[in-house]
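Architecture at a glance
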Amino acid sequence: MRCRVPAVVAATVILATVATAPSMARSTQPQLGWTTNTIELTAATEAALGLSPAALSTYAPFDEPFPVSWAAESVRRAVPLVVSWEPWDSDVPLGVDQPDYSLARIAAGAHDDYARAWARDAAASGATVLLRFAAEMNGDWHAWSRGDSPADFRRAWRHLHDLFVAEGAEQVGWVFNPNNAYPGSTPISAFWPGAAYVDWLAVDGYNWMGVLPRRDYQSAAEVFTDTVRQLRKLGPGLPIMIAECGAGPDAKETWLRDLAEQAPRLGVSLVIWFEHDKETDWRLATASLATPVPQILREAGWRLDR
């Protein structure tokens, strides 16, 4: 997403049958999820939408430890935990470079003690973790997507991956997660660390109509198809998620219906809605939808039972 995600914990709910291995086989039908600030808000959103959670997720800046409480909650619910692990201090304003957390320094081992402790805590938690490291790296709005090169990204990714394996955190699945490609973005292939280092593919994308000036309606196919095609070439056979998505109030129900139709055609396994009031109120829970979310999904052929 081309804007800063605040330093808050975001709960992601993924609905449908969930396997326990990091390299979960691609499901035949997509699973819907969303992010909120707390576990309590997850439950409130669950009640508002009439859907049950099948996974949890959190954003974790690189100056914070592994989210043990979220992992414990995911184990209690017997669902996986999706974590966006971001190499920065999220309290620093967007646009300010943070050389202490550069991907080059991470690749060189400057944060190994921290990363090893993180990996050990992840392993000890017993949770199945899907790790979105340095997501949206092909844009220019994050600290890790400006001063560092794609080669730095690849080296940092491989270094951390190998460190996690050495610490026994083998239940952690690594999620390669660019933003949807746009004119001027760095080619996704430049960041690819290699199939041996990736368990999931992911893409973030939004419908900005009514949110940003001079933005027309973009269908889900327009937002995601090209990027999904590129990802499939890089990691054929890997499961794929839409890790962040949303539409403004003027397009929410139309775009949700559109997305519900397109996700199965794209072979997407997980669809995660950005359930926040930020640049606009992206939330489904507060939307005045003519049709309930579960009905929209069922009409598109999604299975919502777990």
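Just so you know, these numbers come straight off a predicted model, no measurement behind them. Residue numbers restart at each chain and count upward from 1, following the sequence in its written direction. pLDDT decides what is reported in this predicted model: residues at 70 or higher carry local features, side-chain atom pairs at 80 or more are listed and counted, and totals for whole chains, interfaces and linings draw on all residues regardless. Side-chain figures throughout are based on the complete set of non-hydrogen atoms in the structure, without hydrogens or water.

**Concerning the packing of helix H6 (residues 220-234) against helix H7 (residues 252-266)**
Put simply, the test is: Only the contacting stretch of a helix is used when fitting its axis, a line to C-alpha atoms as for every element, and angles between N-to-C directions run 0 to 180 degrees. Here a strand is any run of E in DSSP of at least two residues, a helix any run of H or I of at least four, and the numbering for each starts at the N terminus. Should an angle fall under 35 degrees it is taken as roughly parallel, and over 145 as roughly antiparallel, whereas 65 to 115 is taken as roughly perpendicular and any remaining angle as oblique. In a left-handed crossing the near helix is turned counterclockwise from the far helix by less than a right angle, and in a right-handed crossing that turn is clockwise. Here, residues are in contact when the closest pair of their heavy atoms is within 4.5 Å. Classification used: nonpolar for Ala, Val, Leu, Ile, Met, Phe, Trp, Tyr, Cys and Pro, charged for Asp, Glu, Lys and Arg, polar for all others including Gly.
Packing of H6 against H7 brings their axes to within 10 Å, and their N-to-C directions diverge by 25 degrees. Of the possible angle classes, the one that applies to H6 and H7 is roughly parallel. H6 and H7 meet at a crossing whose hand is right-handed. Counted together, Ala220, Ala221, Val223, Phe224, Thr225, Val228 and Arg232 of H6 and Trp255, Asp258, Leu259, Gln262 and Leu266 of H7 form the full contact between these two elements. Considering only residue class, the contact of H6 with H7 consists of 8 nonpolar, 2 polar and 2 charged.

**A look at H7**
Two residues of an α-helix separated by three or four positions point the same way, owing to the 3.6 residues in each turn. What counts is decided by this rule: Multiply 1.5 Å by the residue count of a helix minus one, and that product is the helix's expected span. Exposure is judged per residue with a 1.4 Å probe applied to protein chains only, and the accessible area is read against the type maximum: over 50% gives exposed, under 20% gives buried, and values in between give partly exposed.
Counted at 1.5 Å a residue, the expected span for H7 with its 15 residues is 21 Å, and the 20 Å between its end C-alpha atoms agrees. When we look at burial in H7, the residues that qualify are Lys252, Glu253, Trp255, Leu256, Asp258, Leu259, Ala260, Gln262, Ala263 and Leu266. Positive backbone phi, at 75 degrees, marks Gly267, one or two positions downstream of H7.

**Details of the environment of Asp258**
In this fold, Asp258 is placed in helix H7. Here the alpha-carbon distance between Asp258 and Ala220, two residues 38 residues apart in the chain, equals 6.2 Å. Filtering out sequence-adjacent residues up to four positions away, Asp258 remains in contact with Tyr217, Ser219 and Ala220.

**Description of the pattern of salt bridges**
For clarity, the threshold we go by: A pair is scored as a salt bridge if a Lys or Arg side-chain nitrogen falls within 4 Å of a carboxyl oxygen belonging to Asp or Glu.
Applying the stated criterion across every chain yields a total of 15 salt bridges. The partner of Arg132 in a salt bridge is Asp204, with the nearest N and O atoms 3.0 Å apart. Taken as a pair, Arg132 in strand S4 (residues 129-133) and Asp204 in strand S6 (residues 200-207) lie far apart in primary sequence, 72 residues in all. For Arg132, a relative accessible area of 3% puts it in the buried group. The class for Asp204 is buried, based on a relative accessible area of 0%.

**Some remarks on the pairing of strand S2 (residues 56-61)**
Formally: For a crossover, the right-handed case is the one in which the path from the first strand over the helix to the second runs clockwise, viewed with the strands pointing away from the viewer.
Counting buried positions over the 6 residues of S2 gives 6, a clear majority of the element. Side chains Leu56, Thr58 and Ala60 project from S2 onto one buried face, and the interleaved Ser57, Tyr59 and Pro61 project onto a second face that is buried too. Where the polypeptide runs from S2 across helix H2 (residues 68-77) and back to strand S3 (residues 81-86), its parallel neighbour, the crossover connection is right-handed.

**Quick notes on the confidence of the model for the protein**
Rule in force here: Predictor confidence is given residue by residue as pLDDT, running from a minimum of 0 to a maximum of 100.
Predicted confidence across the protein gives a mean pLDDT of 88, with 90% of residues reaching 70 or more. Below a pLDDT of 50 lies the segment residues 1-21, which in the model reaches 105 contacts outside its immediate sequence neighbourhood of four places, other chains included.

**Concerning the packing of helix H1 (residues 39-49) against H2**
The axes of two packed helices give the description: the angle between them and the distance between them. One way to put it is that H1 packs onto H2 with a least axis distance of 12 Å and a crossing angle of 40 degrees. Judged by the inter-axis angle, H1 sits oblique to H2. In contact with Ile39, Thr42 and Glu46 of H1, H2 contributes Trp70, Glu73 and Arg77.

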